[in-house]
Amino acid sequence: MADKTVETSPSKITRTEGEWRAQLTPEQYHVMREAGTERAFTGKYWKTKEAGTYHCVGCGSPLFTSEAKFDSGTGWPSFWAPIDPANVAEHVDNSYGMTRVEALCAHCGAHLGHIFEDGPAPSGLRYCMNSASLDLKPEDPKAK
Ligand SMILES: [Zn+2]
């Protein structure tokens, strides 16, 4: 019988830190590779209402849709659910003396933001993201 290769983690992307630095702006690098947080109300997308899909800046994976985006008043783009839970990995983060759930891109490992349990219905979750990690691809009006 032929040996069957089992793919356990599809499209895991690994880059060296030098490759990441070449690909990302310094702010994107700080957020995505050093788990930094952009200053509230300074990012590209905190108040964006445009219809479309938010992709990972690191690898292009679709992460959130504008339909799950809500105005949280925090100054960061906030969503109540990812486009697919398989695309957003969760990791318990104990930095800064707090226990928070960190959200990472499941494909390239980029830091996206944090997940809090004070979001709106139906999930009750708030995915508090950094604009620097996201790339909005606007919906094609002709596709409607
Ligand atoms: Zn990614």
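Heads up: these notes are all about the structure in this document. Just so it is clear, the structure is predicted and the values come from calculations on it, not from any experiment.

Rules and cut-offs
Residues numbered from 1 in each chain as written. Predicted model: local features only at pLDDT ≥ 70, side-chain atom pairs only at ≥ 80, totals over all residues. Heavy atoms only, no water. Salt bridge = Lys/Arg side-chain N within 4 Å of Asp/Glu carboxyl O. Buried < 20%, exposed > 50% of the residue type's maximum accessible area, 1.4 Å probe, protein only. Pairing = 2+ DSSP bridges. Helix = DSSP H or I, 4+ residues; strand = E, 2+ residues; numbered from the N terminus. Axes fitted to C-alpha atoms, helices over the stretch in contact; angles between N-to-C directions.

So, the pattern of salt bridges
For step 1, the next point in the chain: The final tally for this structure, using the stated rule, is 4 salt bridges.
For step 2, the next point in the chain: Residue aspartate 118 pairs with arginine 126 through a salt bridge whose shortest N-O separation is 2.7 Å.
For step 3, the next point in the chain: Since its relative accessible area comes to 49%, aspartate 118 is described here as partly exposed.
For step 4, the next point in the chain: For lysine 137, the salt bridge goes to aspartate 135, with nearest N and O atoms at 3.1 Å.

A short note on the sheet that holds strand β2 (residues 62–65)
For step 1, the next point in the chain: As summarised here, the arrangement of the 3 strands in space is β2-β1-β9, forming an open sheet in which the pairing is antiparallel. For this open sheet the edge positions go to β2 and β9 (134–138), each flanked by a neighbour on one side alone. Strand-to-strand twist across the sheet, computed as the mean angle between neighbouring axes with direction ignored, equals 30°.
For step 2, the next point in the chain: The sheet contact formed by strand β1 (residues 52–56) and β9 spans 5 bridges and is antiparallel. Opposite histidine 55, over in β9, you have aspartate 135 as the bridge partner.

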